[in-house]
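Per-entry structural report
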Number of protein chains: 2
Amino acid sequence: MTDAEPTVGDLSEGQVLRGILDRLPASTAPVGPGDDAAVLAVPDGRVVATTDTLVHGPDFRLAWSSAVDLGYKAAAVNLADVAAMGARPIALLVALAMPDETPIAFVRGLADGLAQGCAELAPGCAVEGGDLTVSDTLTIAVTALGSLEGRAPVRRSGARPGDAVHVIGELGVAARGLDLLFTRFTDAAGSPVAVTPEGRSALDPADSYALDRQLRPRPPIADALRAADAGATAMMDVSDGLALDATRLADASMVTIAFDAGALGEDVALALGGGEDHGFLATFPEGVVAPGRRVGTVHPRGEVAVTVDGRPWTGHAGWDPYRDWDAGRG
Amino acid sequence: MTDAEPTVGDLSEGQVLRGILDRLPASTAPVGPGDDAAVLAVPDGRVVATTDTLVHGPDFRLAWSSAVDLGYKAAAVNLADVAAMGARPIALLVALAMPDETPIAFVRGLADGLAQGCAELAPGCAVEGGDLTVSDTLTIAVTALGSLEGRAPVRRSGARPGDAVHVIGELGVAARGLDLLFTRFTDAAGSPVAVTPEGRSALDPADSYALDRQLRPRPPIADALRAADAGATAMMDVSDGLALDATRLADASMVTIAFDAGALGEDVALALGGGEDHGFLATFPEGVVAPGRRVGTVHPRGEVAVTVDGRPWTGHAGWDPYRDWDAGRG
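Residues numbered from 1 in each chain as written. Chains lettered and ligands numbered in written order. Predicted model: local features only at pLDDT ≥ 70, side-chain atom pairs only at ≥ 80, totals over all residues. Heavy atoms only, no water.

1. Examining the pairing of strand S6 (residues 164–168) of chain A
All names here are of chain A. Here S6 lies mainly inside the structure; five of its five residues are buried. Burial of S6 is two-sided: the residues Ala-164, His-166 and Ile-168 facing one way and the residues Val-165 and Val-167 facing the other way are all buried. Note: S6 against strand S9 (residues 279–284), five bridges, orientation antiparallel. Paired with Ile-168 across the bridge in S9 is Phe-280. Of the pairings in the sheet, the one linking S6 to strand S10 (residues 293–300) comprises four bridges and is antiparallel in character. (Buried < 20%, exposed > 50% of the residue type's maximum accessible area, 1.4 Å probe, protein only. Helix = DSSP H or I, 4+ residues; strand = E, 2+ residues; numbered from the N terminus. Pairing = 2+ DSSP bridges.)

Set out below in structure tokens:
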């Protein structure tokens, strides 16, 4: 290795950490990074907490995602889970497990992506703590914390028959982007090929947009908070696929979610089965003015959790990491 | 694989999750596991948050640590970081990244260890959320949250010249246990050999105790809270080695920590350089009755951060994962 490209193995934990912290916005927490733990203010006496991990292989490929993309995505998926409860994200804790040979430039890119994701999606939220470990498998475990600001938490279990079903955000766009990666950015053997600026500029605008949304999801955090303020009875982040996530919400609420196919866009199968857009599925009392667009109605629990135009959905429902991850693809 | 030994790859994420949740005590949080995020009560409007990761290879070997040991240790190291701030641990979030071929029995053991660690070390603290991912490298990323209950957070930066320096908990015991693993539980090639009941019973009582403390550290959480109540000016978890951690506290406080060798036990080098006991290093105004035992005095900042009987410490100071982890040992 050359002096020009130092790796994390060349530096102490403190040096790696400073390289990250220097790129993040200054903490505004009562106690930020540097102590055994951070201290965060949650004025109403309740804190919302969630954790989600990105693992090289199942969750991303370094050929496809830049370090900045990865940092952005790691922030976005966690911010979405906090907002789905009706809480404003206030802090991230980031645990990085990295091979020794990881370039320091990569770690800096990750920090830039985390900072950019927070700034664009949840202004005021910052990285307030973390952990560095050595691992053979690059792993980014993020915990996000949020403040309810007096709101009641919005759970999966609150949907009631007669409620309107809304989707806030996009459907199937990130899945289209994933499909592009597998079809346009692999070699003859199926191995990932780098997404270069040239490769991106060869895409038509809609494909380029879809690729960007796959690499950097944009959960509409502010709209989720507006949905909570508007009286959402149930809400969740749509991460694994609308049909699968709606099944989870329907099961938790003991109702059936009845989708209108006509409201799901041109490609209904993609809208129902494609994951990773990180929009929100929310239910509201009939007649409430609420964010997003109406895609169905909550019915009393029937034989199945989810229907499309009155029939059970038999297509692809979404992504389950332990059933769908094909290690051979890695 | 046989029906008798199902692996996580055989089951859905929901099934794996239920196998874990069924073994954990029931949640007492406003919103526990099962939603996009948990909601936890922190009545004084401040939450303490920390994250720490255990990775197979650098942090543990499956030949040496049982699943229950690992769950216990993952809880303990994070509970200690919360308590070091003067906060009572209230919740853990656990992100597991596991190979497909991980036996479900292993996952159940991890859950048992997490539950046992919480029950013994921080009663009332429970696993309130988590995440499951597939990974080639078994990784346990835990986030712990705590409630200050009106206390001022105790930081690393508050030590003042003239303060008494205390250690709360044991020194060098876990390091002695680690040394036993490398000397007594490896084969001729240096590869780990399973720690069996027979192998353990062949150890003398002191070695058996040290091995247990390496595999299941017992941070004295209640004593750390008593230290905060007694007016600790600075405190931190001793995880990487007393000399290294004292250097961090001294640097943050801009003081020198002057240890008395006579107060550090029979093996001064082991006490200063051995990590993983997860006791606490704390400073108190002179004359305060406080938990632990006095091991030195805070001096105005001199040429070095740490002295032993007035001289700089030139021995092993502790563990830095990016400098000390020798991949060849894995």
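2. Details of the domain arrangement of chain A
Often the size quoted for an interface is simply the accessible area lost on bringing the parts together. Residues and elements named next belong to chain A. In terms of domain boundaries, chain A breaks down into domain 1 (11–147) and domain 2 (156–175 + 217–324). Taking the mean C-alpha position of each, domain 1 and domain 2 sit 28 Å from one another. On the side of domain 2, 14 residues touch domain 1, which itself brings 16 residues to the contact. Note on domain 1 versus domain 2: buried area summed over both sides is about 1,200 Å², and carbon and sulfur give 70% of it. Across the pair Glu-276 and Lys-73 runs a salt bridge, and its minimum N-O distance is 3.3 Å. At the surface where domain 1 touches domain 2, the tally comes to two residue pairs in polar contact (both at pLDDT 80 or more). Every element with two or more residues in the side of domain 1 that touches domain 2 is listed here: helix H2 (67–84), strand S3 (88–98) and helix H3 (104–121). (Domains from an automatic or database assignment. Contact = heavy atoms within 4.5 Å. Buried area = accessible area lost by both parts, 1.4 Å probe. Salt bridge = Lys/Arg side-chain N within 4 Å of Asp/Glu carboxyl O. Polar contact = N/O pair within 3.5 Å; in protein donor to acceptor, adjacent residues only side chain to side chain.)

3. Quick word on the pattern of salt bridges
By the definition in use, this model includes 39 salt bridges over all chains. The partner of Asp-240 of chain A in a salt bridge is Arg-248 of chain A, and the shortest N-O contact between them spans 2.7 Å. The class of Asp-240 of chain A is buried, set by a relative accessible area of 14%. Close ionic contact of Asp-212 of chain B with Arg-200 of chain B constitutes a salt bridge, the shortest N to O distance being 3.9 Å. In this pair, Asp-212 of chain B sits in helix H6 (residues 205–215) while Arg-200 of chain B sits in helix H5 (residues 197–201), placing the two residues 12 residues apart along the sequence. Connected via shared salt-bridge partners are Glu-120, Glu-170, Arg-200, Asp-212, Arg-213 and Arg-218 of chain A.

4. Structural notes on the interface of chain A and chain B
Listed per partner, the contact involves 62 residues of chain A and 61 residues of chain B. Buried surface at the junction of chain A and chain B, both sides included, amounts to about 5,100 Å², of which 56% is carbon and sulfur. Our enumeration of links across chain A and chain B arrives at four salt bridges. With its nearest N and O atoms 3.0 Å apart, the salt bridge here joins Arg-155 of chain B to Asp-35 of chain A. Tallied by class, the residues present in the side of chain A that touches chain B amount to 34 nonpolar, 12 polar and 16 charged. In the sheet, strand S2 (residues 46–55) of chain A pairs with strand S1 (residues 38–41) of chain B via four bridges, with the strands oriented antiparallel. Counted as the bridge partner of Arg-46 of chain A is Ala-41 of chain B from S1 of chain B. (Nonpolar A, V, L, I, M, F, W, Y, C, P; charged D, E, K, R; others polar.)

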